[in-house]
Structures are given as structure tokens and as C-alpha cells.
Amino acid sequence: MAKFNFTLNGAATEVDVDPSTPLLWVLRDHLGLTGTKFGCGAALCGACTVHVNGSSVRSCAYNMDSVAGASVTTIEGLGNNRVQRAWIEHQVPQCGYCQPGMIMAATALLKDKPKPSAADIEAAITNICRCGTYARIKQAILAAAG
Amino acid sequence: MMEAVLSRPSRRHMLKGLGATVLVAGRWGTRAALAQDAASAAAINAYVAIAPDGHVTLQCAQSEMGQGIATTFTAILADEMEADWSKCATVFSPAAFSPGGEPYRNPRINWQFTGNSESISSFHPFLRKMGAAAREMLIAAAADRLGVPASDLVARAGMVRHNKSDRAVGFGEIAAAAAAQPVPSEPQVKPESEWRLVGHGRSLPRNDIAAKVEGRAVFGIDVKVPGMVHAAVMSAPTIGGQPAAIEDAAVAGMAGVLKVVRLDGAVAVVAEHYWQARLALAKLKVEWQVGPAGAFDDATIEAMYAKAMTGDTGWAEAESKGNAPGVLAASKRVVTADYQSPWTSHAPLEPMNATVEVSADGATVWAPVQGPQMVQIVLSQVLKVPPGKVAVNRTYLGGGFGRRLIADFVAQAAICAQTAGRPVKLIWSREEDIRQDWYRPAFVQHMRAALGPDGQPVALHTKLVAPTILSPVSPVPIKPGTVDDLSVEGLVKHSYAVPNLRTDYNMLQVPVPTMVLRTTGHGPNNFALESFIDELAHAAGRDPYQYRRQLLRDDPETLAVLDRAAALARWGKAPSGHFQGIAVVNGFGSCLCQVVELSLVGGAIKLHQITSVADPGRVLDRTNAVSMIEGGVVWGLSVALYSAITFDQGRPRETNFDRYRVATLPDAPALVTDFLENRKTIGGLGEIGPVCVPAALCNALFAATGKRNRRLPLAREGVFTVYGKLYG
């Protein structure tokens, strides 16, 4: 077991976990924040996407050593941002399981590129949606960009 | 889909169910299922409860796996009873064997499941009557309250109004009195012209979307119950293998580890936290007994298909009209082709998981399941308790696609919970989710057609080899040598006017578990039939759209979607360098035509537009209907382009999304979707959306290259998209 201190959705947080525990399971299982999803465990699908110091990371394959001292934002910490509002406006989710990860990835994209092109979106959003909501995801990102 | 194996409820049973048994039983039976804040609500019937403050709680018998059923079921009921939509809440009903659970079975086959695209088609008339019965009981109670004839009252927006005296009472004020009214034997549903929430091009914001966007929605994997611990599972390295010896000394002292549990074909570790269970599982030494089929591989399986196809045994006649073999034998103009769809995995993004608490005389389950009644049957066998003592709390499902119809993962959780003496949440890794899947098997079709003088087919004979897909989800097994009705879907009862038809089916026995997957038999069979019709059109020197028009002369509804899709896609008028392919299907009580338009960039496919026109009879919610079709298109692209399970050493090679490839965002081209409402009865939209995509895509590819692709996925045939390399 090892202690890690970091900022989670703006609040100072300390956990005492096996140091090999990926950030995803620290969030879900130790801290009770289940909005971040487990999809593949190998950084392939993006369902577990969170922000570490403002950048998208795939938390299922993200080591706690890299979290120590950092600022982590999860879907619970977005505070109904413009991406989430666009997602509701465009009725994007179907099963909804991938959508927290999609929204985190889209939010990070808009921070880097406030007016993304279609090609920017295609390059940045590599998350998997098995329900196939991609067309509405593109529309919602463009709408959120304004 | 199960009429072959389950007796249809008799008409008498239906009437009895609607009139008395269901409504009365529901009054008492549903109380336990209502949300806490609706505890004081009056249960008007099995589906409707109204609180004194006017809030209405409506039961959803079906599972919400992304298809929007929790919204549309609620809207059908609320519309018929004239409830105030802003005061309606949805709860997931008890399972069928639970006290009061009887009314939540699919009324068509008396079995509770969410699948086969039939939630709306099977429940719509029944739900309308349940809503209408509630409205009539509310009006009767209001008539008593106001001292006026019921015929002078109208219900609207959660109130019953007496226009002559300008008086009104809210549903909440009369809910208890309404619940005490006699149950109408024949509730009168509203005419469609008075629908206010569904139909007529309307869309409602879905009731689950805000929670899903904010990360609040509770999927099975998110369930928390007091005292809960976690289980991780490792299955045998070969399919059908068993743990022979488990050496658990290495994990005994590990932090959090509680139990090592032997399962059928697998081993589980139960620990306080999930990652502790995973760490221990990795340290566990297990000696595995090899499965009965040993180290089979693709060649083994393909040889089994080939032997069945060319052999004389195992065949059953699925459909016969006229004399197709005779006409083919006499014809001088015969076209022959063989098609193959691959093994595929469901791989919903939420891996299989279940939380189970076992008590002295029963169990409580919290899980994302499509088959709650199946869960009760399976756990009653595993735990030796009556099925009615297994309570099933359905969560949201992170995709289903058929996989969650069976209860193997719930059984594993139950055994772990029983062994540990604690509530256990069991979660499969992605690798286990794919390795322990019951796959959609490869379908192999051998097709022959005889063309008449005008180039139209006069005989069509199809031979299909495929393992059963229906048997594992059916309460009664489907016997080898007989016809699996779902496996032959799309090859039989299609809309084409061919005078001589024959379809033969051979239910192959394979050492791999198989079951239904989104599109059931229609997906692989439409790829074969609609590719073949395209080949016949080209053999006859005819335009594939016009060729189909002539063949659809006996099915005006399917002809209408074909015409509308061709018009929307500007068939035959594609820009220079763009090529189009078309395909059509009649299935799931609906019909659909899709047109794929693509170009080739450096030999790779660039998709430009996919046009879909569907006719489900009635579109109850347009935005959600578009979601079903357009999401389905992407599913169809995964199937056509990328996804395949292959075997080596007695196990699947693909165990995660690196090798089990699925469509990603850049794969989705412009999507154009429209609906017609010509069909007389209401049909499904959840499964049909992907069906025509593979054939339409391959037909467009043929138009572009002159080369016919008869095996999927295209990525395994050396055909790539412009994104295929980037995202491979």
C-alpha cells in the first residue's frame, strides 16, 4: 500500500492503495466516482478518459505515480459545461456508457482547438462507441465550439 | 422469434390477462417496485401508480440498453392516460417470477426479455390498453367526486375536466379512488389523431440522457450495496476447458483477498477491492484441463462448414415454393455464388458484470441484463431456491446487442457471493468479456439462381450452414437437424417475387458457444441475398435498383422504401468518381433500404454518404428512431469492414479492441435518414439499422472496382478504408 496526494475535481485528496492500482480503479472503487467507465483496461477505447493537469488521459492505464501532485478532473467535475449541454441538445447518448469519456475527450479538444475542423475532430476523438453515435458526437462538438 | 418453441398465449389468456389477472395482480404486485418517494402512490394497475401530489410512476418492463425504450414506453402509457409528461417518472419493473412480476412478460410469447427488436411491436397495443384503463378508472373516480356522468368528463395533462361546470380534479387527488374502481374489461384506446406525446413526427428528450451526460447514470458496473466485495475472473485458456488444480498458496496473504472460487470453466478471486482481485488472479497458479475440442483453429472450423455444405446429412428444409431444384437443373442460365460472414463478438462497451447478494432462501441481483426471467431460472438452479425468490434489479445497460440475454455471468457472481458470504460485484475484464462470449457464428451460404428470358430470377436455391443462434436464449433447446428460425431469417419470407424458392439449412455442431447478436440471422443472410441479387442484376445487364423494383412488385411497402431511398440518395446521379450500392430488407416487422456512396482514394474506400429509409409502420419518436438507424449503420460498418473473431489453439485470437476492431468516429460518413409509415402494423427499429450496410457497401465497391467481395470483413480480404491504416 502507498499514499498518494492529488487534487480531484478541485478538492485535495489522499488515497492509500496498492501502488499498481490504475487511476481508473482508484476513482471508481476507492473514491466512489463511478462516472468514469471501464471498457478495455488497455487504453484502447477511451471510456475511462479523464483530465490530468488539463490533458486527456486514459485512466485505466494511468499509473498513480503520475497522479501524485497533479490535478485530476473527472466527468463529475465538469459542472455541466458547454460540451455536456450540446450533448443533451443533440441527444447524443444511446446506451451512454462511452459518453463520459467522449465528453472528457471533446472538452480537452475544445480547450486546445476552440474551433476544430472536421479533420481535427476525426484525429482527436479516437474513443469507441459501440452504439455508433459518432455522427451526433461530431455535430455536438461543432455546436459546442459555436 | 420464439413462437416455434413457446406456445403463443391463447386469445382467451390474453383477454383474461388484460381484463382481470394482470390489472388486479399488478395493484398489489408492483407496490414493492415503486421508488421510495412514490411509496404512498396508489397503484392503478401493474404499470401505473399515482402519488397524491400528482406524480406518476410508470413501470418499464423492458431493459434500457440505449434504444430509448424507457422513454418511449413511458410516453405510450402517459399519452393514453393523458398524464402530465413533466410529472412522469420511469422505474424498471420486477422480473417475471417475482411477486407481481407476471404482467411484465412480453405479451406475445409470455416471456420477459429485451431483444429481437420487439419491445414496441409486442408491447404497443398492450401498453395502450394499460394506459387507457388507467384513464378510464381516473375518469370514473372523478365522476364520483364531481357527481357528474363520466361521459361528460375528459382527461388532459394530468387533470380530469368537467367543461360544462368548468371544474377539474388532478390525478393525484383521485388516485386512491381510481385504484378502487372496477377494472375496465375492454379499455378504449385513443385514436391516433389524439396522440400528444408520440407519433406525428414528434420527439421527446430522452429521460436518461442528462444523467448519462453528467456521469450520474447507474450502470451495472456502478452498483454499490452495503458490505459489497469484488470478484475478478479468469476462464480456461481453451474453450470448454476446466480448472484441474488450483494452487492458491501464493495469494493467501495478499492484501484484501478473501476467497478463491472454482467456477464452471473458470476461476475467480474475491477481494475487498477489484484491483486486489485482479492482482491475485494474476498470481494464481491454475492447472487447466484442455477443452473437449482441444487445440482447434480456423482451419478446423472451416473444414466443418465445408463438410456440412457438401455433405448429405444434417439438412432441414426451411422454405420451399414451386420446384427450385428442378428449374435450376433444367436451366441453361444459372448463376452461382458462395458467401461467408465471420464469427463476431458482441463486445458491448460495458463488460459483463453483476452484483449478487445471497440470503438463506433466495438472492438479490443488481445487474445490466436483457433476460431477467432467464436470470431467475439460472439462479434458481445454481442456488436451489425458487425463481420467485431471486429479485432482479435492472440497471442501465452499457450496450447489450443480445449478449445480456443469457445469465452465465450472473451465475458466476452468485456462486462467488454464496462462497464469500458477502454481496459480490463480479466484473469481467475486456479479455474475459470476449473470451467468454457466446459468439455470432460464421454463416456460409451457397446460392444458385436460374434466370428467365428477361433476366429476372425464376428459381432461387440457398443452402445455409450455421450453428444455432436461438437455442441458448430459448427456454426450449432447438434440436440439431431442425430449423432454427432465427438462423434462416432473411433467406425465407423475403419480399422478392421469385416463383421457385428453396432454402435448406444445416445446423452445424461446433465446439464454440453461439447465440444471437444484433441483426440476428438477417445481418449475415442479407449480406448473401442482397449481394447475390446484385450479381444477378449485373448478369442480366440491368440496373440493380430497377432490377429490385421489378422483384418487389408484390410488396408495395418495401418497394416504397426502395424508391424513397433511391430518390434521397440521387441513385444513378452520383458525382463523377463516386459509386453507389443498394440493398433492401424486410424484417423485424419493418422494412429498410440503404444506399452506400463511396469513392476510392489510392485503392482505399472513402465513404461519402449512407442513406437509409425505413418503414416501421409508425415512428413513435423521430429523433430516437434516427438514433437507432444511424447507430445501426455504424454497427453495420464494423461488421462489413473490420470485426472478426478467429481461432487458434482452441481459443479466440482477438481479446481486446486492438485486434477485435470496430468502427471509430472517422468511419461514419454523412448519414441521411428518413422514414415512411405505410406498413399496417408497428415494427422494430433497434436491430434493422445495420442489416443492409454490408451488402450495399460491397455492391458499391463492385460498382467501383468490378471485383466482387463475398467474404467479410473486408479488412481481412485486403480491402481498407482511408482510415483503416490510421486506426488499425
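Counting restarts for each chain: residues are numbered from 1 in the order of the written sequence. The naming scheme follows written order: chains are lettered A onward, ligands numbered 1 onward. Given that this is a predicted model, residues contribute local features only at a pLDDT of at least 70 and side-chain atom pairs are listed and counted only at 80 or more, while totals for whole chains, interfaces and linings are drawn from all residues.

Trainee: For this particular structure, what's the right way to read helix H11 (residues 408–420) of chain B?
Mentor: Residues and elements named next belong to chain B. Each helix is a run of DSSP H or I of at least 4 residues and each strand a run of E of at least 2, with the numbering of both proceeding from the N terminus. Helix span is expected to be 1.5 Å times the residue number reduced by one. For H11, with 13 residues, the first-to-last C-alpha span of 19 Å sits near the 18 Å given by 1.5 Å per residue. With C-beta atoms placed from the backbone, a residue is labelled by how many other C-beta atoms lie within 10 Å of its own: buried for 20 or more, exposed for 12 or fewer, partly exposed between the two. Turning to H11, its buried residues number three or more, namely Phe409, Val410, Ala411, Gln412, Ala413, Ala414, Ile415, Cys416 and Ala417. After H11 finishes, the residue Gly421 shows a positive phi value of roughly 65°.

Trainee: Explain the environment of Val251 of chain B here, please?
Mentor: All names here are of chain B. Within the secondary structure, Val251 sits in helix H6 (residues 249–252). Measuring from C-alpha to C-alpha, the distance between Val251 and Gln436 comes to 24 Å, with 185 residues separating the pair along the chain. Not counting chain neighbours up to four residues away, the residues in contact with Val251 comprise Val257, Val260, Val269, Ala280, Lys283 and Leu284. Remark: residues whose backbone-derived C-beta atoms lie within 7 Å of one another are considered to be in contact.

Trainee: Help me understand the sheet that holds strand S4 (residues 88–92) of chain B, please; the structure alone is not making it clear to me.
Mentor: To summarise the sheet geometry, strands pair through backbone hydrogen bonds and adopt either a parallel or an antiparallel arrangement. Residues and elements named next belong to chain B. If DSSP finds at least two bridges between two strands, the strands pair. In space, the four strands of this open sheet follow the order S1-S2-S3-S4, with mixed pairing throughout. In this open sheet, the two edge strands, each paired with only one partner strand, are strand S1 (42–43) and S4. As defined by bridge partners, strand S2 (residues 48–50) adjoins strand S3 (residues 56–60) across three bridges and the pair is classed as antiparallel. Bridging from a neighbouring strand, Ile50 pairs with Val56 of S3.

Trainee: Please explain the domain arrangement of chain A as it appears in this structure.
Mentor: Accessible area lost when the parts come together is the quantity often used to give the size of an interface. Residues and elements named next belong to chain A. Segment limits for the domains were obtained from an automatic or database-derived domain assignment. Segmenting chain A into domains produces domain 1 (2–77) and domain 2 (82–145). A straight line from the C-alpha centre of domain 1 to that of domain 2 covers 21 Å. Listed per partner, the contact involves 14 residues of domain 1 and 12 residues of domain 2. For the side of domain 1 that touches domain 2, the secondary-structure elements that each account for two or more residues are strand S3 (49–52) and strand S4 (55–58). Sorting elements by how many residues they give to the side of domain 1 that touches domain 2 places S3 first, with three residues. The residue classification treats Ala, Val, Leu, Ile, Met, Phe, Trp, Tyr, Cys and Pro as nonpolar and Asp, Glu, Lys and Arg as charged. All others, Gly included, are polar. Counted by class, the side of domain 1 that touches domain 2 contains five nonpolar, eight polar and one charged residues.

Trainee: Would you take a moment to explain the packing of helix H2 (residues 69–81) of chain B against helix H3 (residues 119–146) of chain B for this structure?
Mentor: When two helices pack together, their arrangement is captured by the angle between the axes and the distance separating the axes. Residue and element names in this part refer to chain B. Direction vectors running N to C along H2 and H3 enclose 35°, while the axes themselves pass 7 Å from each other. The two elements H2 and H3 meet at a crossing, and its hand is right-handed. The segment H2 lies against H3, with Ile69, Thr72, Phe73, Ile76, Leu77, Asp79, Glu80 and Met81 engaging Ser119, Ile120, His124, Leu127, Arg128, Met130, Gly131, Ala132, Ala134 and Arg135. Partitioning the contact of H2 with H3 into residue classes produces 10 nonpolar, four polar and four charged. Note on method: axes are straight lines fitted to C-alpha atoms, helices fitted across the in-contact stretch only, with angles between N-to-C directions ranging 0 to 180 degrees. In this scheme the handedness of a crossing depends on how the near helix is turned from the far one: anticlockwise by less than a right angle means left-handed, clockwise means right-handed.

Trainee: Hey, could you run me through the interface of chain B and chain A in this one?
Mentor: Across the contact, 50 residues belong to chain B and 45 residues belong to chain A. Of all the secondary-structure elements, those providing two or more residues to the side of chain B that touches chain A are helix H5 (209–213), helix H7 (274–283) and helix H16 (622–642) of chain B. In terms of residue count, the dominant contributor to the side of chain B that touches chain A is H16 of chain B (eight residues). In terms of residue class, the side of chain B that touches chain A is built from 27 nonpolar, 13 polar and 10 charged.

Trainee: Got a minute to help me understand the sheet that holds strand S21 (residues 500–506) of chain B in this structure?
Mentor: All names here are of chain B. The strand order across the open sheet built from five strands is S13-S21-S20-S19-S14, with neighbouring strands paired in mixed fashion. Unpaired on one side and paired on the other, strand S13 (315–321) and strand S14 (334–341) mark the two borders of the sheet. Shown here is a sheet whose adjacent strand axes are inclined to one another by a mean of 15°, direction ignored. Of the pairings in the sheet, the one linking strand S19 (residues 443–451) to strand S20 (residues 457–465) comprises eight bridges and is antiparallel in character. When the bridges of S20 are listed, Leu451 appears paired with Pro457. Contacts between helix H8 (residues 298–310) and the sheet are confined to S19, S20 and S21, with S20 contributing the most and set at about 135° to the helix. Of the strands in this sheet, S14, S19 and S20 are in contact with helix H13 (residues 522–539), which crosses S14 at around 150°.

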